[in-house]
Amino acid sequence: MTGGVLRAYELRGGDLAAALDWLHVHADLQGVLEEDDRLVVWLEGELPALPQPALRVVELAVDPADALRTGLEDDAPILVAEDLLVRPPWVERPAGFAGIELVVPRGDAFGSGEHGSTQAALRCLHRLWQDSTSVADVGTGSGILALYASVRGCRDLQGCDIDLPSVRAARELLPHGRFAHGGPELLAPAACVVANMTGAELRAAMAEILRLWDGAGPLVLGGMRAAEVEPIAALVGSTPVHRETVGDFTSLGFGPRR
Ligand SMILES: C[S@@+](CC[C@H](N)C(=O)[O-])C[C@H]1O[C@@H](n2cnc3c(N)ncnc32)[C@H](O)[C@@H]1O
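Not measured: the values here are computed from a predicted model.

**Structural notes on the overall build of the chain**
Across its full length, the chain holds six helices and 14 strands. If you line up the chain on its principal axes, its C-alpha atoms span 70 × 40 × 30 Å. Counting the 258 residues in the chain, one finds 36% classified as buried.

Given below as C-alpha coordinates:
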(Lines give C-alpha, C1' and ligand atoms only; values in the text may rest on other atoms or scores of the structure.)
Protein backbone atom coordinates (compact mmCIF):
# COMPACT_ATOMS: atom_id res chain seq x y z
CA MET A 1 0.00 0.00 0.00
CA THR A 2 1.38 3.41 -0.95
CA GLY A 3 -0.81 5.58 1.27
CA GLY A 4 -3.14 6.66 -1.57
CA VAL A 5 -6.90 6.96 -1.29
CA LEU A 6 -8.62 3.63 -0.80
CA ARG A 7 -11.69 2.94 -2.95
CA ALA A 8 -14.19 0.11 -2.58
CA TYR A 9 -16.17 -1.66 -5.29
CA GLU A 10 -19.01 -4.13 -4.96
CA LEU A 11 -19.32 -6.80 -7.68
CA ARG A 12 -22.47 -8.86 -8.23
CA GLY A 13 -23.63 -11.30 -10.90
CA GLY A 14 -21.32 -13.26 -13.23
CA ASP A 15 -18.54 -15.53 -12.09
CA LEU A 16 -17.27 -13.81 -8.92
CA ALA A 17 -14.49 -16.35 -8.30
CA ALA A 18 -13.12 -15.81 -11.80
CA ALA A 19 -13.39 -12.04 -11.34
CA LEU A 20 -11.40 -12.23 -8.12
CA ASP A 21 -8.71 -14.39 -9.77
CA TRP A 22 -8.46 -11.85 -12.58
CA LEU A 23 -8.25 -8.93 -10.13
CA HIS A 24 -5.48 -10.57 -8.15
CA VAL A 25 -3.42 -10.57 -11.35
CA HIS A 26 -4.44 -7.17 -12.74
CA ALA A 27 -4.92 -4.98 -9.68
CA ASP A 28 -3.18 -4.37 -6.37
CA LEU A 29 -6.04 -5.43 -4.06
CA GLN A 30 -5.77 -4.11 -0.51
CA GLY A 31 -8.77 -5.99 0.84
CA VAL A 32 -11.41 -8.53 -0.24
CA LEU A 33 -14.76 -9.50 1.26
CA GLU A 34 -16.25 -12.64 -0.33
CA GLU A 35 -19.92 -13.33 0.31
CA ASP A 36 -22.36 -15.75 -1.36
CA ASP A 37 -23.79 -13.23 -3.77
CA ARG A 38 -21.26 -10.42 -3.86
CA LEU A 39 -17.63 -9.53 -3.74
CA VAL A 40 -16.25 -6.29 -2.30
CA VAL A 41 -12.71 -5.27 -3.15
CA TRP A 42 -10.61 -2.38 -1.88
CA LEU A 43 -7.82 -0.87 -3.90
CA GLU A 44 -6.03 2.40 -4.41
CA GLY A 45 -7.40 4.12 -7.50
CA GLU A 46 -9.96 2.98 -10.00
CA LEU A 47 -11.11 -0.59 -10.56
CA PRO A 48 -9.77 -1.83 -13.92
CA ALA A 49 -12.42 -2.80 -16.50
CA LEU A 50 -13.17 -6.49 -15.95
CA PRO A 51 -13.46 -8.92 -18.86
CA GLN A 52 -16.92 -10.06 -17.67
CA PRO A 53 -19.70 -7.93 -19.11
CA ALA A 54 -22.36 -9.60 -16.89
CA LEU A 55 -20.83 -8.26 -13.66
CA ARG A 56 -22.60 -5.37 -11.98
CA VAL A 57 -20.04 -3.07 -10.41
CA VAL A 58 -20.95 -0.35 -7.91
CA GLU A 59 -18.49 1.90 -6.14
CA LEU A 60 -19.12 2.07 -2.36
CA ALA A 61 -18.37 4.95 -0.04
CA VAL A 62 -15.28 4.35 2.10
CA ASP A 63 -15.05 5.66 5.65
CA PRO A 64 -11.42 6.88 6.04
CA ALA A 65 -11.41 5.32 9.54
CA ASP A 66 -11.80 1.86 7.92
CA ALA A 67 -8.35 2.21 6.37
CA LEU A 68 -6.86 2.35 9.87
CA ARG A 69 -8.60 -0.80 11.11
CA THR A 70 -6.31 -3.79 11.55
CA GLY A 71 -9.03 -6.34 12.24
CA LEU A 72 -7.63 -6.94 15.73
CA GLU A 73 -9.68 -4.26 17.52
CA ASP A 74 -12.60 -6.57 18.24
CA ASP A 75 -10.55 -9.41 19.74
CA ALA A 76 -11.47 -10.27 23.31
CA PRO A 77 -10.47 -12.88 25.89
CA ILE A 78 -12.28 -16.20 25.38
CA LEU A 79 -13.46 -17.69 28.66
CA VAL A 80 -13.30 -21.44 28.06
CA ALA A 81 -14.06 -22.34 31.69
CA GLU A 82 -14.53 -20.27 34.81
CA ASP A 83 -10.80 -20.51 35.52
CA LEU A 84 -9.40 -20.94 32.00
CA LEU A 85 -9.15 -18.38 29.25
CA VAL A 86 -7.49 -17.94 25.88
CA ARG A 87 -6.41 -14.58 24.54
CA PRO A 88 -4.11 -13.27 21.84
CA PRO A 89 -1.03 -11.37 23.05
CA TRP A 90 -2.50 -8.01 22.01
CA VAL A 91 -5.51 -8.42 24.33
CA GLU A 92 -5.01 -7.58 28.01
CA ARG A 93 -5.51 -10.09 30.78
CA PRO A 94 -8.95 -9.24 32.25
CA ALA A 95 -8.69 -7.41 35.57
CA GLY A 96 -9.28 -9.74 38.48
CA PHE A 97 -8.90 -12.98 36.49
CA ALA A 98 -6.81 -15.38 38.55
CA GLY A 99 -7.15 -18.59 36.52
CA ILE A 100 -5.05 -20.20 33.79
CA GLU A 101 -4.30 -18.10 30.75
CA LEU A 102 -3.32 -19.42 27.34
CA VAL A 103 -1.82 -16.68 25.21
CA VAL A 104 -2.04 -17.70 21.56
CA PRO A 105 -1.57 -15.37 18.59
CA ARG A 106 -4.28 -15.76 15.94
CA GLY A 107 -2.32 -16.73 12.84
CA ASP A 108 -2.34 -19.30 10.02
CA ALA A 109 -2.87 -22.32 12.25
CA PHE A 110 -6.14 -23.71 13.63
CA GLY A 111 -6.50 -23.29 17.38
CA SER A 112 -6.93 -19.72 18.58
CA GLY A 113 -9.60 -20.71 21.08
CA GLU A 114 -12.66 -19.55 19.14
CA HIS A 115 -13.70 -22.92 17.74
CA GLY A 116 -16.07 -25.16 19.67
CA SER A 117 -13.84 -28.21 19.15
CA THR A 118 -10.84 -26.45 20.70
CA GLN A 119 -12.92 -25.27 23.64
CA ALA A 120 -14.42 -28.71 24.27
CA ALA A 121 -10.97 -30.36 24.09
CA LEU A 122 -9.50 -27.75 26.45
CA ARG A 123 -12.34 -28.22 28.94
CA CYS A 124 -11.85 -31.98 28.90
CA LEU A 125 -8.10 -31.68 29.34
CA HIS A 126 -8.59 -29.12 32.10
CA ARG A 127 -11.01 -31.41 33.93
CA LEU A 128 -8.82 -34.51 33.69
CA TRP A 129 -5.38 -32.92 34.00
CA GLN A 130 -3.16 -34.61 36.56
CA ASP A 131 0.44 -33.45 36.35
CA SER A 132 1.34 -35.67 33.40
CA THR A 133 5.07 -35.77 32.81
CA SER A 134 4.73 -36.07 29.03
CA VAL A 135 2.13 -35.00 26.48
CA ALA A 136 1.65 -35.83 22.82
CA ASP A 137 -0.64 -33.52 20.85
CA VAL A 138 -1.82 -35.08 17.59
CA GLY A 139 -3.07 -32.50 15.07
CA THR A 140 -1.55 -29.74 17.15
CA GLY A 141 -2.57 -26.77 14.94
CA SER A 142 -1.37 -23.66 16.75
CA GLY A 143 -0.11 -25.84 19.63
CA ILE A 144 -2.86 -24.64 21.96
CA LEU A 145 -3.48 -27.98 23.70
CA ALA A 146 0.26 -28.55 24.18
CA LEU A 147 0.43 -24.99 25.54
CA TYR A 148 -2.15 -25.95 28.16
CA ALA A 149 0.10 -28.82 29.26
CA SER A 150 3.12 -26.51 29.29
CA VAL A 151 1.33 -23.93 31.44
CA ARG A 152 0.40 -26.75 33.85
CA GLY A 153 4.10 -27.58 34.20
CA CYS A 154 4.61 -30.41 31.72
CA ARG A 155 8.11 -30.17 30.24
CA ASP A 156 8.07 -33.13 27.82
CA LEU A 157 5.94 -31.79 24.98
CA GLN A 158 5.54 -33.34 21.58
CA GLY A 159 3.10 -32.68 18.79
CA CYS A 160 2.55 -33.27 15.11
CA ASP A 161 0.52 -31.88 12.27
CA ILE A 162 0.23 -32.71 8.59
CA ASP A 163 0.01 -28.97 7.88
CA LEU A 164 3.42 -27.28 7.77
CA PRO A 165 2.27 -23.75 8.75
CA SER A 166 0.73 -25.33 11.87
CA VAL A 167 3.99 -27.06 12.75
CA ARG A 168 5.83 -23.75 12.36
CA ALA A 169 3.25 -21.95 14.53
CA ALA A 170 3.47 -24.59 17.27
CA ARG A 171 7.29 -24.46 17.24
CA GLU A 172 7.13 -20.70 17.62
CA LEU A 173 4.60 -20.91 20.45
CA LEU A 174 6.50 -23.65 22.31
CA PRO A 175 10.20 -23.52 21.36
CA HIS A 176 11.03 -26.19 23.95
CA GLY A 177 8.51 -28.66 22.42
CA ARG A 178 9.22 -31.18 19.67
CA PHE A 179 6.82 -30.75 16.76
CA ALA A 180 6.92 -33.06 13.77
CA HIS A 181 5.51 -32.46 10.32
CA GLY A 182 3.32 -35.51 9.69
CA GLY A 183 1.13 -37.93 11.57
CA PRO A 184 1.21 -39.58 15.03
CA GLU A 185 3.53 -42.35 13.81
CA LEU A 186 6.34 -39.77 14.18
CA LEU A 187 5.77 -39.36 17.93
CA ALA A 188 6.95 -41.33 20.95
CA PRO A 189 4.59 -42.70 23.63
CA ALA A 190 3.44 -40.19 26.24
CA ALA A 191 1.48 -40.24 29.49
CA CYS A 192 -1.20 -37.87 28.20
CA VAL A 193 -2.36 -37.90 24.59
CA VAL A 194 -4.65 -35.27 23.07
CA ALA A 195 -6.06 -35.29 19.54
CA ASN A 196 -8.62 -32.78 18.34
CA MET A 197 -9.43 -33.68 14.73
CA THR A 198 -12.46 -34.56 12.65
CA GLY A 199 -14.15 -37.89 13.35
CA ALA A 200 -12.80 -39.32 10.08
CA GLU A 201 -9.26 -38.16 10.93
CA LEU A 202 -9.50 -39.62 14.45
CA ARG A 203 -10.71 -42.92 13.05
CA ALA A 204 -7.88 -43.07 10.50
CA ALA A 205 -5.23 -42.23 13.12
CA MET A 206 -6.72 -44.21 16.04
CA ALA A 207 -4.30 -47.16 15.99
CA GLU A 208 -1.35 -44.76 16.21
CA ILE A 209 -3.07 -42.56 18.82
CA LEU A 210 -3.61 -45.62 21.05
CA ARG A 211 -0.01 -46.75 20.49
CA LEU A 212 1.14 -43.33 21.74
CA TRP A 213 -0.96 -43.38 24.90
CA ASP A 214 1.09 -45.13 27.60
CA GLY A 215 -1.93 -44.97 29.94
CA ALA A 216 -0.30 -43.06 32.83
CA GLY A 217 -2.39 -39.94 32.18
CA PRO A 218 -5.61 -39.04 30.38
CA LEU A 219 -6.48 -39.49 26.71
CA VAL A 220 -8.54 -36.65 25.23
CA LEU A 221 -10.18 -37.03 21.83
CA GLY A 222 -11.93 -33.99 20.38
CA GLY A 223 -13.58 -32.70 17.24
CA MET A 224 -16.39 -35.27 16.94
CA ARG A 225 -19.83 -34.41 15.66
CA ALA A 226 -22.76 -36.06 17.47
CA ALA A 227 -23.06 -39.12 15.22
CA GLU A 228 -19.31 -39.79 15.45
CA VAL A 229 -19.02 -39.86 19.25
CA GLU A 230 -20.07 -43.43 20.07
CA PRO A 231 -18.31 -45.10 17.11
CA ILE A 232 -15.06 -43.30 18.01
CA ALA A 233 -15.46 -44.11 21.73
CA ALA A 234 -15.89 -47.79 20.82
CA LEU A 235 -12.50 -47.79 19.09
CA VAL A 236 -10.75 -46.83 22.34
CA GLY A 237 -11.98 -49.89 24.17
CA SER A 238 -12.67 -48.17 27.50
CA THR A 239 -15.48 -45.98 28.82
CA PRO A 240 -15.00 -42.22 28.70
CA VAL A 241 -14.90 -40.65 32.15
CA HIS A 242 -15.78 -37.19 30.94
CA ARG A 243 -17.31 -35.49 27.93
CA GLU A 244 -17.71 -31.88 26.87
CA THR A 245 -19.78 -30.50 24.02
CA VAL A 246 -19.40 -26.98 22.66
CA GLY A 247 -21.57 -26.12 19.67
CA ASP A 248 -21.48 -29.08 17.27
CA PHE A 249 -18.33 -30.63 18.71
CA THR A 250 -17.82 -33.17 21.45
CA SER A 251 -14.63 -34.09 23.24
CA LEU A 252 -14.21 -37.31 25.20
CA GLY A 253 -11.82 -37.87 28.08
CA PHE A 254 -10.55 -41.30 29.10
CA GLY A 255 -8.95 -41.80 32.50
CA PRO A 256 -5.50 -43.24 33.10
CA ARG A 257 -5.29 -46.98 32.48
CA ARG A 258 -2.68 -47.58 35.16
C1 LIG B 1 -9.29 -29.15 14.38
S2 LIG B 1 -7.60 -28.79 14.19
C3 LIG B 1 -7.09 -28.80 15.90
C4 LIG B 1 -5.98 -27.86 16.22
C5 LIG B 1 -5.70 -27.72 17.72
N6 LIG B 1 -5.17 -28.94 18.26
C7 LIG B 1 -6.95 -27.34 18.49
O8 LIG B 1 -7.39 -28.12 19.32
O9 LIG B 1 -7.48 -26.26 18.23
C10 LIG B 1 -7.02 -30.35 13.58
C11 LIG B 1 -5.58 -30.35 13.12
O12 LIG B 1 -5.22 -31.70 12.85
C13 LIG B 1 -4.38 -31.76 11.72
N14 LIG B 1 -4.46 -33.13 11.24
C15 LIG B 1 -5.47 -33.76 10.59
N16 LIG B 1 -5.17 -35.07 10.40
C17 LIG B 1 -3.95 -35.27 10.94
C18 LIG B 1 -3.10 -36.42 11.08
N19 LIG B 1 -3.44 -37.63 10.61
N20 LIG B 1 -1.92 -36.28 11.69
C21 LIG B 1 -1.53 -35.06 12.17
N22 LIG B 1 -2.29 -33.94 12.06
C23 LIG B 1 -3.49 -34.06 11.47
C24 LIG B 1 -4.94 -30.66 10.82
O25 LIG B 1 -3.96 -30.23 9.89
C26 LIG B 1 -5.31 -29.58 11.84
O27 LIG B 1 -4.27 -28.67 12.04
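Still more ground to cover, so stick around.
**Remarks on the domain arrangement of the chain**
Along its sequence, the chain is carved into domain 1 (6-68) and domain 2 (78-254). Of note, the centres of domain 1 and domain 2, computed from C-alpha atoms alone, are 39 Å apart.

**Describing the nonpolar core**
Formed by 54 residues in total, the largest nonpolar core has its most connected members in Leu125, Val135, Val193, Val194 and Ala195. With near-sequence residues (within four places) excluded, Ala195 lies in contact with Val138, Gly139, Leu202, Ala205, Ile209 and Leu221.

**A short note on the site of the ligand**
Inspection of the region around the ligand gives 23 residues, with Gly111, Thr118, Gly139, Gly141 and Asn196 positioned closest. Counting residues per element, the shell around the ligand draws most heavily on helix H2 (residues 116-128), at three residues. Here the residues of the shell around the ligand are counted per class, giving 10 nonpolar, 10 polar and three charged.

**Looking at the environment of Arg123**
Inspection of the secondary structure assignment puts Arg123 in helix H2. Using a count of 22 C-beta atoms within 10 Å as the deciding quantity, one classes Arg123 as buried. It is 9.7 Å that separates the C-alpha atoms of Arg123 and Gly253, two residues lying 130 residues apart in sequence. For Arg123, the residues in contact, after removing those within four places along its chain, are Val80, Ala81 and Glu244.

**Quick notes on the sheet that holds strand S14 (residues 249-254)**
One open sheet holds the seven strands; their spatial order is S10-S9-S8-S11-S12-S14-S13, and the pairing between them is mixed. Among the strands making up the open sheet, the edge pair consists of strand S10 (178-181) and strand S13 (242-246). Across the sheet, the mean angle separating the axes of adjacent strands is 10° when strand polarity is ignored. On the sheet, helix H6 (residues 226-236) packs against strand S12 (219-224) and S14 and is oriented at approximately 20° with respect to S14.

**Some points on unusual backbone geometry**
One non-glycine residue with positive phi stands out, namely Asp131, at about 50°. Assignment of secondary structure puts Asp131 in the loop between H2 and strand S8 (134-138). Classification of Asp131 as exposed rests on a count of 10 C-beta atoms within 10 Å.

**What to know about the pairing of S14**
Counted residue by residue, S14 has six buried out of six residues, so it is predominantly covered. Pairing analysis gives four bridges linking S12 to S14, with the strands arranged antiparallel. Considered in S14, the bridge of Leu219 is made with Phe254. Where S13 meets S14, five bridges bridge the pair, whose relative direction is antiparallel. Note that in S14 the partner of His242 across the bridge is Gly253. Between S13 and S14, which pair antiparallel and follow one another directly, the connecting turn spans two residues, one of which, Gly247, has a positive phi of 60°.

**Points about the environment of Arg127**
Structurally, the position occupied by Arg127 is in helix H2. Separated by 98 residues in sequence, Arg127 and Leu29 have C-alpha atoms that sit 46 Å apart.

**Observations regarding the sheet that holds strand S5 (residues 78-81)**
The strands that make up a sheet are held in pairs by hydrogen bonds between backbone atoms, and each pair lies either parallel or antiparallel. Read from one edge to the other, the open sheet built from three strands follows the order S5-S6-S7, with strand pairing classed as mixed. Of all strands in the sheet, those with a lone pairing partner are S5 and strand S7 (100-103), marking the two edges. Each neighbouring strand pair of the sheet contributes to a mean axis angle of 25°, computed without reference to strand direction. Pairing geometry for strand S6 (residues 84-87) and S7, over four bridges, is parallel.

**Some thoughts on helix H5 (residues 199-212)**
Taking 1.5 Å of rise per residue, the 14 residues of H5 would be expected to cover 20 Å, and the 18 Å separating its terminal C-alpha atoms lies within 8% of that figure. The principal kink in H5, of about 60°, is found at Met206. Residues of H5 that are buried include every one of Leu202, Ala205, Ile209 and Leu212, and no others. Contacts made by the buried residues of H5 are with S8, strand S11 (192-196), S12 and H6.

**As for the packing of H2 against helix H3 (residues 144-151)**
It is at 10 Å that the axes of H2 and H3 come closest, and there the two elements cross at 25°. Here H2 lies roughly parallel to H3, going by the angle between them. You can see that H2 and H3 cross each other, and the crossing is right-handed. Residues Thr118, Ala121, Leu122 and Leu125 of H2 lie in contact with H3, whose contacting residues are Ile144, Leu145 and Tyr148.

Reading the values: the criteria
Residue positions are given per chain, counted from 1 along the sequence in the order it is written. Thresholds applied to this predicted model are a pLDDT of at least 70 for local features of residues and 80 or more for the giving and counting of side-chain atom pairs; totals over whole chains, interfaces and linings are not thresholded and use all residues. Labels follow the DSSP assignment, with helices taken as runs of H or I lasting at least four residues and strands as runs of E lasting at least two, numbered in each case from the N terminus. Counting other C-beta atoms within 10 Å of its own, a residue is labelled buried from 20 upward, exposed at 12 or fewer, and partly exposed in the gap between, with every C-beta atom placed from the backbone. Note that the domain bounds were set by an automatic or database domain assignment. Note on definitions: a nonpolar core is a set of buried residues drawn from Ala, Val, Leu, Ile, Met, Phe, Trp, Tyr and Cys, linked by C-beta atoms within 7 Å. This entry defines residue contacts through backbone-placed C-beta atoms, with two residues in contact when those atoms are within 7 Å. Near residues are defined by distance alone, with the backbone-placed C-beta atom required to lie within 6 Å of the molecule or strand. Amino acids outside the nonpolar list (Ala, Val, Leu, Ile, Met, Phe, Trp, Tyr, Cys, Pro) and the charged list (Asp, Glu, Lys, Arg) are all regarded as polar, and Gly is one of them. When DSSP locates at least two bridges between a pair of strands, those strands are taken to pair. Helix axes use the C-alpha atoms of the stretch in contact, all axes being lines fitted to C-alpha atoms, and the angles between their N-to-C directions lie in the range 0 to 180 degrees. Take the residue count of a helix, subtract one, and multiply by 1.5 Å to get its expected span. A residue's bend is given by the angle between axes fitted to the 7 residues ending at it and the 7 residues starting at it. For this classification, under 35 degrees means roughly parallel, over 145 means roughly antiparallel, 65 to 115 means roughly perpendicular, and everything else is oblique. Should the near helix be turned counterclockwise from the far one by less than a right angle, the crossing is left-handed, whereas a clockwise turn marks it as right-handed.

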